[in-house]
Amino acid sequence: MHLDDPFAPLEGTPAETAAASEPTVVTPVPADAPSPSFLHPSLGTPSAVWTYRAADGAVLNHVARFDRNDGDKEFWPRSWCQWDDGEGWKWKALPKPRPLYGLPDLAARPDAPVIVVEGEKTAEAAAKIFADHVVVTWPGGAGAAAVADCESLRGRTVFLWPDADEPGANAMVVAKRIVKHIADAVHVVRLPDGLPSGWDLADDIPDGVDIHRLLNDAVSSQRDEAPELPPGYRLGASGLWWESPDPEKEAVLLAAPLDVVAESRDVEGGSWGILLRWHDHDGRQHRLPIPRASLAGDGADARRLLMDGGLHVSTARGAREKFNSFLGQVRSPNRVTATNRVGWHRSSFVLPDRTLGRIDREDMLLQTTSPVEHAFRTKGSLEEWKREVAAYAPGNSRLVLAVAAAFAAPLLYICEIESGGFHLRGPSSIGKSTALVMAGSVWGGGDRGYVRNWRATANGLEAVGSTHCDTLLCLDEISQVAPKEAGEAAYMLANGLGKARAGRDGGGRRPASWRVLFLSSGELSLADKIAEDGSRRRATAGQQVRVVDIAADAGAGLGLFEDLHGFSSADSLARHLKEASLKNYGLAAEAFIDVIAGDDDIRTAVDEIVRRFCEDEVPANADGQVGRASRRFALAAAAGELAIAAGILPWKPGEAIDGVARCCRDWLRDRGGAEPAEIRAGIDQIRSILHADGQARFIPAWSEEENQPLVRSALGYRKLESGSWNYYVTPTAWKDELCRGFDPQALAAILAERGYLLLPDSGPHRSKSVSVPGHGKQRLYHLSGSLLGDDA
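Tallied over the full model, the rule gives 1 cavity of 30 Å³ or more. The computed volume of the largest cavity comes to approximately 50 Å³. Together, V116, W138, A145, A148, C150, L153, L160, A175, I178 and V179 line the largest cavity. A per-element tally of the lining of the largest cavity places helix α4 (residues 166-179) first, with 3 residues. Across the lining of the largest cavity, the residue classes break down as 10 nonpolar, no polar and no charged.

This is the structure:
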């Protein structure tokens, strides 16, 4: 088994000191670094050590093999690391994607064919057998093929040689899916039946097995198996043709050259389609699955998709019909898995134009009935993005939260945390849009940028949510959405479920679903936006916990910013971040997906950070609503720390936690505490009514003054006691006016608990029997005047 212990003791350093700061692997190893010791504290001396080197021969790290007493073996990577106050050798793996073993030989022999095997010992044995080939492998064993850096195999002829067991075969399936898009040709070695389980090229060759012939007989998998064309069709370099059975009729050109790559279907055996590949007039390759359902009728939907991608399709009526018939009848022995939603599907992460993460036995791709507009593009370099964009976030809590939230989005699925959003609220020109652009650059960009606009109906945002599943959704300017749509849209996005709709036959259609973390901005809070139409509607507690409202102004006199990092003004820093985000984008998310895809330890690491964050930042008596929202803050902090540990964010360890924690504390302060939102809002409503109508709508029944004003629509009575007005509210007014929209009994209980509602001397009631001069004896709710003077 392959292990990675990032907290093992350093050479000559106590274990507790080594664990104090997260070490960072340094490659290549410095020339003046001392030779490593491979003596393991529990496993002893290794039986073998292999050195991984860069193409120029520089040492990257070492892998040691330890043979255990029970006959099993363990592999431990040994890397040169740096931490806050030192450096040295640690049992720690190289960051993902990890380099291949054998890079110097690969670089020295650029024309030699390459054999990829599993394991360093096997690679050394195979190199002796096949001297005219370069032999490479990846670190980490069969389960780590998906995180190998295979870029060095670009343009090469590659043979994949599996071990004779199921893990070995599966590893080469994964390797094939990666290498087929890089190498010039890929050949898979088919092992004969009857080999001992686990046999590889380092073992003795069984009698009767000719390994050189196995290599020569390897089946090419670079070109997919040929499709089965329906009768009358011819497909070649000149295009797709229909040849009439009548020899006197000329062949008809139906479409430009295209390849039928595979048939597609979803994991449940539905949504069948045909995967096509072609080049447009600029020579750009397109690869698109066409749903079979789009061929119903005259097939206009399918042709529209193809023509939108630059494929010439004949517009003549007869040719259109023949082309539609071809797409409906053509068959392929190759298979790919289709889905109608981006995001995680097992360990694969599907985007509109590519698939990231670990590739399973089949390619997986997005299949839709209409073109998908998206901004999941890449540009520039990750190093420049780190230097020119991400490096300016530390010291600016709102920027740290925004960037960390971008990395948190794909963790929703892995950690089973509900969707939701953060809303940056504040006046214009203080940096809100900069934060969104900066966070969006983690995932993509392009001509229109990654940031979307709130200006849409709830139905329109439903489509946006579906195309941003498991990714960050950035929505700017909440002021542009209609007030009646704001609450519904925010709730729907965070709830992850679209509206239920009827199909053409009257039956119910499956509603769209998604998981999304969104970052929003605007001059108004969600609650203010909902109340903007004057209908007295208010944001519900559910809406407020799903969309956490944060003051964009960080309080440092610099708008959203707190640290200008040497820039002369907040405006100049904002302009730099926007310009740099337009030059470098989309690469950080790709790198992060590669790190977390298929890593079974990721959830454990995230859960631990979330637990510690909530222990530190959430009051012990906090309401469940606060706990739910705080977990979203904690998830962002955990994602940021994972990105730091992976070398994707150029921040010091703990920077993400500190910045996000500051935002969480500011949110709790502005919220008014950790009590339920309904209670806080209800008390505020009662106080507002008393402030506004305490004189006009409460009868001063105990006053002896003459000519008192007439009170209309009275809510109750008031009495001057100990220098302040006390209010006696009728049960009807308490329920229908003061507690309108809230639970009257729950508010009464809370106010009584805090001493603002004065209870009768005995009995179960919270209202008391009061003799009101001129109005007789009544049951009334007695509110103390201190309610208006205290921060209730």
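Remark: helix α9 (residues 397-408) packs on helix α11 (residues 432-440), axes separated minimally by 8 Å, with the N-to-C direction vectors making an angle of 30 degrees. Handedness of the crossing formed by α9 with α11: right-handed. Taken together, the residues of α11 that come into contact with α9 (itself represented by L399, A402, V403 and A406) are A435, M438 and A439. Residues belonging to the contact of α9 with α11 are distributed by class as follows: 7 nonpolar, no polar and no charged.

This next bit is on the sheet that holds strand β28 (residues 547-551). Strand order in the open sheet made by the 5 strands is β23-β24-β27-β22-β28, with parallel pairing throughout. The strands lining the two open edges of the sheet, one partner per strand, are β23 (452-453) and β28. Examined bridge by bridge, β23 and strand β24 (residues 472-476) share 2 bridges and lie parallel to one another. The residue of β24 that forms the bridge with R452 is L475. Sheet strands touched by helix α19 (residues 624-645): β22 (420-425), β27 (517-522) and β28. Its angle to β28, the strand with the most contacts, is close to 70 degrees.

What follows deals with the side chain of H40. Relative to the assigned elements, H40 resides in the loop between β1 (24-25) and β2 (48-53). Residue classification places H40 among the buried residues on the basis of a relative accessible area of 8%. Within polar-contact distance, the side chain of H40 engages the backbone nitrogen of S42 at 3.1 Å.

Moving on, we come to helix α16 (residues 570-583). Between the first and last C-alpha of α16 there are 20 Å, a value that for 14 residues agrees with the 20 Å anticipated at 1.5 Å per step. For α16, the secondary structure elements touched by its buried residues are α8 (382-388), α9 and α11.

A few words now on the environment of V209. Its place among the elements puts V209 in the loop between β9 (185-188) and α5 (211-216). For the pair formed by V209 and L195, sequence separation is 14 residues and the distance between their alpha carbons is 9.2 Å. Setting aside anything within four residues of it in sequence, one finds V209 in contact with P192, L195 and L214.

Turning next to α19. Under the 1.5 Å per step criterion, the end-to-end length of α19 is 31 Å for 22 residues, consistent within 8% with the ideal 32 Å. Counting buried positions along α19 gives 17 out of 22 residues, so the element sits mostly inside the fold. A positive phi of about 80 degrees marks G647, the residue just after α19.

In space, the 3 strands of this open sheet follow the order β18-β19-β20, with antiparallel pairing throughout. Since the sheet does not close on itself, it has two edges, and those belong to β18 (343-345) and β20 (354-357), each with one partner. Pairs of neighbouring strands in the sheet enclose a mean axial angle of 35 degrees, with direction left out of account. One ladder, built from 3 bridges, connects β18 with strand β19 (residues 348-351); its direction is antiparallel. The residue bridging G343 from the neighbouring strand is V350, located in β19.

Reading the values: the criteria
Numbers given for residues are sequential positions, taken from 1 along each chain in its written order. Given that this is a predicted model, residues contribute local features only at a pLDDT of at least 70 and side-chain atom pairs are listed and counted only at 80 or more, while totals for whole chains, interfaces and linings are drawn from all residues. Side-chain metrics rest on all non-hydrogen atoms present in the structure, leaving aside hydrogens and water. Site definitions follow a grid-based scheme: protein atoms alone, a 1 Å grid, a 1.4 Å probe that fits but cannot get out for cavities, and for pockets an open set with protein on both sides within 12 Å along at least five of seven lines, plus lining residues having an atom within 4 Å of a point. Grid points are joined across faces, edges and corners, and a volume is the space filled by probe spheres set on the points. A run of H or I in DSSP counts as a helix once it spans at least four residues, and a run of E counts as a strand once it spans at least two, with each numbered from the N terminus. Residues are grouped as follows: nonpolar covers Ala, Val, Leu, Ile, Met, Phe, Trp, Tyr, Cys and Pro; charged covers Asp, Glu, Lys and Arg; every other residue, Gly included, is treated as polar. Only the stretch in contact is used when fitting a helix axis, every axis being a line fitted to C-alpha atoms; angles between N-to-C directions are given from 0 to 180 degrees. Handedness of a crossing follows from how the near helix is turned relative to the far one, being left-handed for an anticlockwise turn of less than a right angle and right-handed for a clockwise one. We call two residues in contact when some of their heavy atoms are within 4.5 Å. Any two strands between which DSSP finds at least two bridges are classified as paired. Remark: exposure states derive from per-residue accessible area (1.4 Å probe, protein chains only) relative to the maximum for the residue type, with buried under 20%, exposed over 50%, and partly exposed in between. Pairs of N or O atoms are called polar contacts if they sit within 3.5 Å, as long as, within protein, a hydrogen donor faces a hydrogen acceptor (for residues adjacent in sequence, only side-chain-to-side-chain pairs). For a helix, the expected span equals 1.5 Å multiplied by the number of residues minus one.

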